[in-house]
Amino acid sequence: MIVITGPTASGKSALAVSLAKKLNTEIISADSRQIYKGIPIVTAVPSIQEKGGIPHHLLEILFLDEYYSASKFQQDASNILKELFSHNNYAIVCGGSMMYIDTLTNGIDELPTVSHEVRSALTQEWQNKGDDWLLDQLRILDPEYFLKIDHRNLKRVFHAVEISIMAGKPYSSLLTGMRSRTDLPFDVVKVCLNGSREKLFERINTRVVRMVENGLEEEAQRVYPLRHLNSLNTVGLKEMFSYFDGILSKEEAIARIQKNTRVYAKKQLTWHKRDNTITYLDFQDSEAVNIEKILDFLK
């Protein structure tokens, strides 16, 4: 399994397609937003042309109101890998969702499945009572995790609360560090595209401008009535929603998207630094050069 990861706008998708053509294999997307239908511009889903005839899995398979998790990704991707390896020596996983890749390669703590009833009831109360109420629930249910977590990351706060409710015990007590996956039936090669921070930020700024030109505002308008959904809690949409609400001007929203995307890219790189099994490639090198390096790793 060849993992191609890296910060947003580093050219992961294009490199993955070129490598897949070389190895005559297919690509599994590891992107927590590209998995949803209806928001291809803001999530930079590869176009038909960009896919180059290569089959892509786990792209645009869910409706915006459907729940998904790293654990579910592990199950789905593992099933696809089993099928791919039945007739091919190689499979490619491409994406920048760090938790997805970590879960697939290292496993995850076993957590209870949250019922639809619990999630719906909690979501309704959160909407009615606000963010401070949700944080207070975490403080009551799991004071240890409350002290550790970034209180601005409400998605993670919500997850900890719903798991605590479902398990009947604090979420932190379930994080044993014991992985459910101790052995993989295939070898893993991880490569990460990196390079000049200045050049990466230029690429990010250019990509955002291109998204706007391709219809980002219209896409955001279509999903604006659903803005409470977790799937839409993403850079590019949150800023456009603030523009629609009169909080930001259009120019300010675009500049904020660029800034927040740069911040996210830095978080991705920080995460990657914790993994000493990753080999770095320069995104400014040609695809041909980077493919040759990957092929050398495989040898």
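Before going into details, it helps to say that this report is about the structure given with it. Nothing here was measured: the structure is a model prediction, and the numbers come from that model.

### Examining the overall build of the protein chain
Phase 1: The helix and strand tally for the protein chain stands at 13 helices and six strands.
Phase 2: For the protein chain, the spread of C-alpha atoms along the principal axes amounts to about 55 × 50 × 30 Å.
Phase 3: Buried positions account for 46% of the 299 residues belonging to the protein chain.
Phase 4: Considering only residue pairs separated by 6 or more positions, the protein chain has 76% of its internal contacts joining residues 24 or more positions apart.
Phase 5: A total accessible area of about 15600 Å² is found for the protein chain, and carbon and sulfur atoms account for 50% of it.
Phase 6: Separation of charge centres in the protein chain, based on 37 positive and 38 negative side chains, amounts to 3 Å.

### Considerations on the layout of surface pockets
Phase 1: Within this model, the second largest pocket holds a volume of roughly 190 Å³.
Phase 2: In terms of lining, the second largest pocket is formed by 13 residues, of which the most central are Asp 102, Asn 106, Lys 190, Trp 271 and Asp 275.
Phase 3: When residues of the lining of the second largest pocket are traced back to their parent elements, those giving at least two are β1 (2-5), α4 (98-106) and α12 (250-273).
Phase 4: Element by element, the count of residues in the lining of the second largest pocket is highest for α4, at five residues.
Phase 5: Class assignment for the residues of the lining of the second largest pocket results in five nonpolar, four polar and four charged.

### Section: the environment of Val 157
Phase 1: Its location among the elements puts Val 157 in helix α8 (residues 154-167).
Phase 2: Owing to a relative accessible area of 0%, Val 157 belongs among the buried residues under this scheme.
Phase 3: Taking the C-alpha atoms as reference, Val 157 lies 17 Å from Ser 71; in sequence the two are 86 residues apart.
Phase 4: Beyond its immediate sequence surroundings of up to four residues, Val 157 is in contact with Leu 134, Leu 135, Leu 138, Ile 149 and Asp 150.

### Re the side chain of Ser 231
Phase 1: Inspection of the secondary structure puts Ser 231 in the loop between α10 (216-223) and α11 (237-244).
Phase 2: Beyond its immediate chain neighbours, meaning those up to four positions away, Ser 231 contacts Arg 33, Tyr 36, Ile 39 and Leu 64.

Rules and cut-offs
Residues numbered from 1 in each chain as written. Predicted model: local features only at pLDDT ≥ 70, side-chain atom pairs only at ≥ 80, totals over all residues. Heavy atoms only, no water. Helix = DSSP H or I, 4+ residues; strand = E, 2+ residues; numbered from the N terminus. Buried < 20%, exposed > 50% of the residue type's maximum accessible area, 1.4 Å probe, protein only. Contact = heavy atoms within 4.5 Å. Areas by Shrake-Rupley, 256 points an atom, 1.4 Å probe, with all protein chains shown as cover. Lys, Arg positive; Asp, Glu negative; His and termini not counted. Charge placed at Lys NZ, Arg CZ, Asp CG, Glu CD. 1 Å grid on protein atoms, 1.4 Å probe; cavity = no way out; pocket = protein on both sides within 12 Å on 5 of 7 lines; lining within 4 Å. Points joined across faces, edges and corners; volume = space filled by probe spheres on them. Nonpolar A, V, L, I, M, F, W, Y, C, P; charged D, E, K, R; others polar.

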